Amino acid sequence: MFRNVIIPQASPAMPPRIPPPSHRHGTPSGPWPFLDIDDEVDPNRIQNPDSHLPLSARPCEHVKTPTQEVCWCKYPQSLFPNWTSRQQKKSRITKVIERSGGESSIYYLDVMKDGTFVDAGVREVDSTTLDIHWLAIKHGRPPGVRVRALFVECLSGPVLQMLGTRYNIEPFFFSSSIGWIPSRYQSNVISDHSDHITITLTFIRTIQNPTTVPPSPTSSYTASTISRIAHQTPDLVIDTQAPLPLRSSGLLLLPDLLALHIIRKPQSGSSTIISYHPGEDHRTTTASGLHDRVQSTGRSVYWSNIFRDESDPTFVLLSLLWYALYAWDEALEKLYNHICHLESKVMTTNDIELIQELHVVRAHLLHYESLLDNFRKTVVFILDTPYPESGQRHASSSPSQRSGAEVQHLKEEKGQCLEEQKRSGALMRKECGNLLSEIQRLESSRESQDHRLKNVMDLSFSIINIEDSRRMAKLTEAAVRDSAAMKQIAYLTMVFLPASFVAAAFGMNIVEINPQGSTAHLSQYVAFALPLTAITIWIIVAFQIQIKTRRTRPRSSSLSMKRNRVNTDEPRDEEADGNKTAMDDDWTSRYSYYGYGGGGDAETIRKLDMWARLWWPVVLFSTIFESRRWKKERREA
C-alpha cells in the first residue's frame, strides 16, 4: 500500500496539537487584552489606575544600572499597567515567568554595516547568570553592527522579562507567540526615529513522522507482521490544529511558528530582531537551525549585495520570511505526492477508511487556505510599513547659524538621502512582489490540489455507489430466484392441499361425519378429493392466467399506402416501379422483422373480466387458434 513500509514504535510521541488562536487578543489596538466579554473588570483598576506601583516597588536582589528605575523582574506590569496578574495568567505569560529556574539559550547573529554576517555566539541563561546577561544586553553591542538578531529557545521567565524591559516590547508579542496567535502590527512609533514591528506567522513544515521508523534488515518483524502494520490506518480525526500524517511516505505536515519582533532605529544605526522558538514539545524550527539558515543567507551573492547597499533592517526580516515560503513549498509538494497515492488507491479499492482519510486531508487543505492568506497579508503589511528614516539626520544647528556652504552641503546630503529612500523603496517593492508572486503560486497549487482531491472523493463515492448497485442487483436476482422457488412450492402445495383437506375431514371423529366409526371407502375419498382439487386448480389458474395477443397490420395495406404516394398523372416507368416494389417488399419485411411499422406486430396482455377468467380454457384455446391462423396468414402473405 505504501512506497516504504512503516513500523509504528512506542516512542517518541506525536507532536501535540497547537492551541486554537484567539485573534481578538493578537494586537495592541484591542483595549482589553485577554479580557473576554464574560470576564469581570477589576474595580480597583478603574478607581486607581496606578495600582501597579506597589508591585513595582517590591524589593529584589537583581543588579540595576544607574539609569534604571524599576527592575526588569517587574515586567510586564511595570511598563504596561493594563496587563494585570489575571490577564498575564490567562495569556500564559505567567506560566513562562514562573519557570524562572529553567535554562534558556540565546543565539546571536550580527549583520555588519558592510553586509557581512557574523556569528556572535550563544549564551546559556540560567538562575546563576541572570545579572551577567542583563548587563550584557544593557551595555549595547560592538561597533559596526547594523542589525543584531537574537534567536531565543526555551524562553524562561527572566529572559522574557529582560528582553521586554530592555527593548520596551509590547506583551502582545510574547502572548501571541506563546498562544500561536497570528498577528502583525506596528507599535512604539516615533516619527523619523524608530518603531517596532511584530509578526507572528503560522506555516506548515514537513518532518519525518516520529511515531514511525523504516524497517531494518535485522528487524524482528516477520513479513506478515510488516504487511499487516503497513495497512493499518491510524485514528483519523478532523483536527486542523493537529499535525497531518502522510501514510504514503511516513511524513508529517507539522504546524510551525515564525514569531519575530524587530526594533528599527535608523537614528542610532543599530536595529534588533528577536525570534521566539517554542521548544522541543511541538518539534518546531529550532533557534540554532534558523540561526544557521539566516547566516547562510549572508553567503548568497544576491542577498549579500542587498545587505551591503541597504541599511534597512526590514530586508533581513524578508529573508526570514523566505524560510516559511520554502517550508510551504516543500509541504505542498509532499502533500501532492500523497494525494496521487490516494488517487491510485481509490481506483482499485473502495475502502471506507480511505474515504475518511480523504476527508481529513481536504479539511487540512481548507485550513491551509487561511494560513496562506495570513502569509500574504503579512508581506503586504511589511510593504505598507516603510522604514522610519528621514532625510534630516545631519541637521545639528539652526538654519540661521549655518553658512552658505553648510546649507548647500545639507541640501546635497538631503538629496542623497531622498535618492537612497527611493532606491530602497523600489527594492522593497520588488522583493515583496517576489514573495507575493510565490505565495500566489502556493495558493494556486493548494487550490489545484483541493480540486483534485474533490475529484478523487467524487470518484470514490461513484465507485462505492456502483458496488452498492451491483450488490443490490445480486440481491434482487437472489430474491427473484427465491420467489420462483416459493411459487413452485405454492403450486405443489395447491395440488395436495384439497386431498389433504378431504383426508383430514374424513379423519375427524365427529357424529356428523363419522357416526358409526370408520365406514368410508377409498372411492368416496377419491370422489371428494379429485373434484375439489380440480376446482381449486381451476380457480387459481383463473386468477393467475395472463393471455397475450398480437396486434398486427396487414402488409398489403402498408404497401398500398406506399404505392399511393406516387402521382398517377405522371408517366410511370414500369422497370422503376418493379424495382421500387421489390425494394418496398424487402424494406417492409425487414421493418416487420424487428416488430415495427405497418407490417409489424406487438404483444399485449389481454384484459379479462370475471366471467372470462372463469371460462379461461375457452379463452385460452381461442387465443391458440387465433395465433395459429395468424402465423398461417403470415406464411401465405
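All of these numbers come straight from a predicted model, not from anything done at the bench.

Rules used throughout
- Residues numbered from 1 in each chain as written.
- Predicted model: local features only at pLDDT ≥ 70, side-chain atom pairs only at ≥ 80, totals over all residues.
- Heavy atoms only, no water.
- Helix = DSSP H or I, 4+ residues; strand = E, 2+ residues; numbered from the N terminus.
- Buried < 20%, exposed > 50% of the residue type's maximum accessible area, 1.4 Å probe, protein only.
- Contact = heavy atoms within 4.5 Å.
- Areas by Shrake-Rupley, 256 points an atom, 1.4 Å probe, with all protein chains shown as cover.
- Arc of directions from axis to C-beta.
- Patch = residues over 30% accessible without salt bridge, like charges linked within 9 Å, V, L, I, M, F, W, Y side chains within 5 Å.
- Salt bridge = Lys/Arg side-chain N within 4 Å of Asp/Glu carboxyl O.
- Lys, Arg positive; Asp, Glu negative; His and termini not counted.
- Charge placed at Lys NZ, Arg CZ, Asp CG, Glu CD.
- Phe/Tyr/Trp six-rings, centres within 6.5 Å; stacked < 30°, edge-to-face > 60°.
- Lys NZ or Arg CZ within 6 Å of the ring centre and 35° of its normal.
- Core = buried A, V, L, I, M, F, W, Y, C linked by side-chain atoms within 4.5 Å.
- Polar contact = N/O pair within 3.5 Å; in protein donor to acceptor, adjacent residues only side chain to side chain.

Quick look at the overall build of the chain
Then comes step 1: Summing up its helical and strand segments, the chain has 18 helices and 12 strands in all.
Then comes step 2: With 637 residues in all, the chain has 40% of them scored as buried.
Then comes step 3: Taking contacts inside the chain between residues at least 6 apart in sequence as the whole, the part at least 24 apart equals 78%.
Then comes step 4: Roughly 36100 Å² of accessible area belongs to the chain as shown, and the carbon and sulfur atoms make up 55% of that amount.

Things to note about helix α9 (residues 287-297)
Then comes step 1: Listed in full, the buried residues belonging to α9 are Ala287, Leu290, His291, Val294, Gln295 and Thr297. In a view along the axis of α9, the buried residues occupy a sector of 145 degrees, so they form one face of it.

Considerations on helix α7 (residues 171-178)
Then comes step 1: By the criterion of burial, α7 is predominantly enclosed, with eight of the eight residues buried.
Then comes step 2: Here α7 has its buried residues at Pro171, Phe172, Phe173, Phe174, Ser175, Ser176, Ser177 and Ile178.
Then comes step 3: Elements in contact with the buried residues of α7: α4 (93-97), α6 (157-167), β5 (183-190), β6 (194-208), β9 (251-264) and β10 (271-277).
Then comes step 4: One or two positions beyond α7, positive phi appears at Trp180, with a value near 55 degrees.

Thoughts on a positive patch on the surface
Then comes step 1: A surface patch of like charges, here positive, comprises Arg628, Lys631, Lys632 and Arg635.
Then comes step 2: Along the chain, the position of Lys631 falls in helix α18 (residues 616-636).

A look at the side chain of Thr284
Then comes step 1: In this fold, Thr284 is placed in the loop between β10 and α9.
Then comes step 2: Setting aside residues no more than four positions away along its own chain, Thr284 makes contact with Trp180, Arg205, Leu254, Pro255, Asp256, Leu257, Pro278 and Gly279.

Description of the packing of aromatic side chains
Then comes step 1: This structure, assessed with the given rule, holds 11 aromatic pairs.
Then comes step 2: Summarising the aromatic geometry, the rings of Tyr75 and Phe174 are spaced 6.3 Å apart at their centres and angled 80 degrees between planes, so their arrangement reads as edge-to-face. Within this pair, whereas Tyr75 is found in the loop between α2 (53-56) and α3 (85-90), its partner Phe174 is found in helix α7, the two being separated by 99 residues in sequence.
Then comes step 3: Aromatic side chains Phe117 and Phe307 sit 4.9 Å apart centroid to centroid with 55 degrees between the ring planes, which places their arrangement in the tilted category. Within this pair, whereas Phe117 is found in strand β3 (residues 117-125), its partner Phe307 is found in helix α10 (residues 301-309), the two being separated by 190 residues in sequence. Each member of the pair, Phe117 together with Phe307, is buried.
Then comes step 4: An aromatic cluster is built from Tyr75, Phe80, Phe173 and Phe174, whose rings are joined through pairwise contacts.
Then comes step 5: Its guanidinium or amino end placed over the ring of Tyr167, Arg166 lies 5.0 Å from that ring's centre, counting from NZ or CZ.

Re the nonpolar core
Then comes step 1: In terms of nonpolar packing, the biggest core is built from 67 residues, with Phe151, Leu318, Leu321, Trp328, Leu335, Tyr368 and Phe375 touching the most fellow members.
Then comes step 2: Per-element accounting of this core gives the leading share, 17 residues, to helix α11 (residues 314-348).
Then comes step 3: Beyond its immediate stretch of four places on either side in the chain, Leu335 contacts Leu244, Leu246, Leu253, Val361, Leu365, Tyr368 and Gln449.
Then comes step 4: If you look at the next biggest cluster of nonpolar residues, it comprises 38 residues, including Cys71, Trp134, Tyr167 and Leu257.

Examining a nonpolar patch on the surface
Then comes step 1: Together, Ile535, Trp538, Ile539, Phe543, Met610, Trp611, Leu614, Trp615 and Val618 line one region of the surface with nonpolar side chains, adding up to about 1000 Å² of accessible area.
Then comes step 2: Those elements that provide at least two residues to the nonpolar patch are α14 (522-544) and α17 (610-614).
Then comes step 3: A total of four residues in the nonpolar patch trace back to one element, the largest contributor, which is α14.
Then comes step 4: Relative to the assigned elements, Trp538 resides in helix α14.
Then comes step 5: Residue classification places Trp538 among the partly exposed positions, given a relative accessible area of 34%.

Some words on unusual backbone geometry
Then comes step 1: Here the amide bond leading from Tyr75 into Pro76 is cis, since omega sits at 5 degrees, within 30 degrees of zero.
Then comes step 2: Here Pro76 lies in the loop between α2 and α3.
Then comes step 3: One non-glycine residue, Phe34, adopts positive backbone phi at about 50 degrees.
Then comes step 4: Tracing the chain through its elements places Phe34 in the loop between β1 (7-8) and α1 (43-47).
Then comes step 5: Unusually for a residue other than glycine, Asn168 sits at a positive phi of about 55 degrees.
Then comes step 6: Take Asn168: it is sitting in the loop between α6 and α7.

Side note on the side chain of Asp256
Then comes step 1: Mapping Asp256 onto the fold places it in strand β9.
Then comes step 2: Its relative accessible area of 0% is what places Asp256 among the buried residues.
Then comes step 3: At 2.6 Å, the side chain of Asp256 forms a polar contact with the side chain of Thr285.
Then comes step 4: Among all residues touching Asp256, those that are not within four sequence positions of it are Trp180, Leu201, Thr202, Phe203, Arg205, Thr284 and Thr285.

Remarks on the environment of Val316
Then comes step 1: By the element assignment, Val316 lies in helix α11.
Then comes step 2: Classification of Val316 by relative accessible area gives buried; the value is 5%.
Then comes step 3: The spacing of Val316 and Thr297 is 19 residues in sequence and 9.2 Å in space, taken between C-alpha atoms.
Then comes step 4: Not counting chain neighbours up to four residues away, the residues in contact with Val316 comprise Val111, Ile273 and Phe307.

Digging into the environment of Met162
Then comes step 1: Mapped onto the secondary structure, Met162 falls in helix α6.
Then comes step 2: In sequence terms Met162 and His133 are 29 residues apart; their C-alpha atoms lie 8.8 Å from each other.
Then comes step 3: Residues contacting Met162, with those up to four places away along its chain left out, are Trp72, Leu130, His133, Trp134 and Ile137.

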